[in-house]
Amino acid sequence: MNRLLSAILLLFVLLSASAWVAKPVLVENILRGAASVGFAASIASVVLLGAPNAATAIDFTGSYADPNHPGCPRLISVENDNKALISGADGNPGCPGGVGRPWKLVGKVDGDKIFVDFSPKGGPKDLTGVWEAGKNPGVRFPDGNKWTLQAKP
């Protein structure tokens, strides 16, 4: 409720401030006023709805196949706050029978990107994976490796 009241107050202040200044009616003044209304509406929508990527974030939740570690599990679970829990196992290089050294990582989803902290495995702290849609959807990492989606819960 406080966010709604704040947004309404902000919109009122932005729109009413220019109403007290006498200006000749010119096309540029009309356009400037329209731009102010658009800006105020944008701010109000962020206040009311939150950041735009929160609503449009890809749901990375699922099991994946990693060609660099054949047969090794790769699981991603995304929570409500866009926090990602990533788990899997590594073999040398694969996991015969799905068995390997288990690991767990954390990350954050923002739009079509997932930022994973691979530092517990000796990797970078914020490795960015980008969602690739299409016939074989999955997560593409900067080294070119792609975890291909196998199943969603």
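Scoring rules and cut-offs
- Residues numbered from 1 in each chain as written.
- Predicted model: local features only at pLDDT ≥ 70, side-chain atom pairs only at ≥ 80, totals over all residues.
- Heavy atoms only, no water.
- Salt bridge = Lys/Arg side-chain N within 4 Å of Asp/Glu carboxyl O.
- Helix = DSSP H or I, 4+ residues; strand = E, 2+ residues; numbered from the N terminus.
- Buried < 20%, exposed > 50% of the residue type's maximum accessible area, 1.4 Å probe, protein only.
- Disulfide = S-S within 2.5 Å.

Peer 1: Help me get a handle on the pattern of salt bridges, residues and values and all.
Peer 2: Oppositely charged side chains can pair when the atoms bearing their charge come close. As enumerated under the stated definition, the model contains seven salt bridges in all. Here Lys121 and Asp90 are joined by a salt bridge, their closest N and O atoms 2.5 Å apart. Highlighted residues: Lys121 in the loop between strand S5 (113–116) and strand S6 (127–132) and Asp90 in strand S3 (residues 83–90), separated in sequence by 31 residues. Judged by relative accessible area, which is 34%, Lys121 ranks as partly exposed. Owing to a relative accessible area of 9%, Asp90 belongs among the buried residues under this scheme. Here Asp112 ties to Lys113 by a salt bridge, and the two come within 3.6 Å at their closest N and O atoms. Members of the salt-bridge network, linked through shared partners, are Asp66, Arg74, Asp90 and Lys121.

Peer 1: I'd like a rundown of unusual backbone geometry, residues and numbers included.
Peer 2: The residue Asn82 is not glycine, and still its phi comes out positive at about 65°. For Asn82, the location among the structural elements is in the loop between strand S2 (74–78) and S3.

Peer 1: How would you explain the state of the cysteines if you had to name every residue and give the values?
Peer 2: As used here, a disulfide is simply a covalent bond connecting the sulfur atoms of two cysteines. Scanning the model with the defined rule gives one disulfide in all. A sulfur-sulfur separation of 1.9 Å characterises the disulfide bridge that pairs Cys72 with Cys95. Here the S-S torsion is close to 95°, and the disulfide linking Cys72 with Cys95 is therefore right-handed. Remark: Cys95 occurs in the loop between S3 and strand S4 (101–110) and Cys72 occurs in the loop between strand S1 (62–65) and S2; sequence separation between them is 23 residues.

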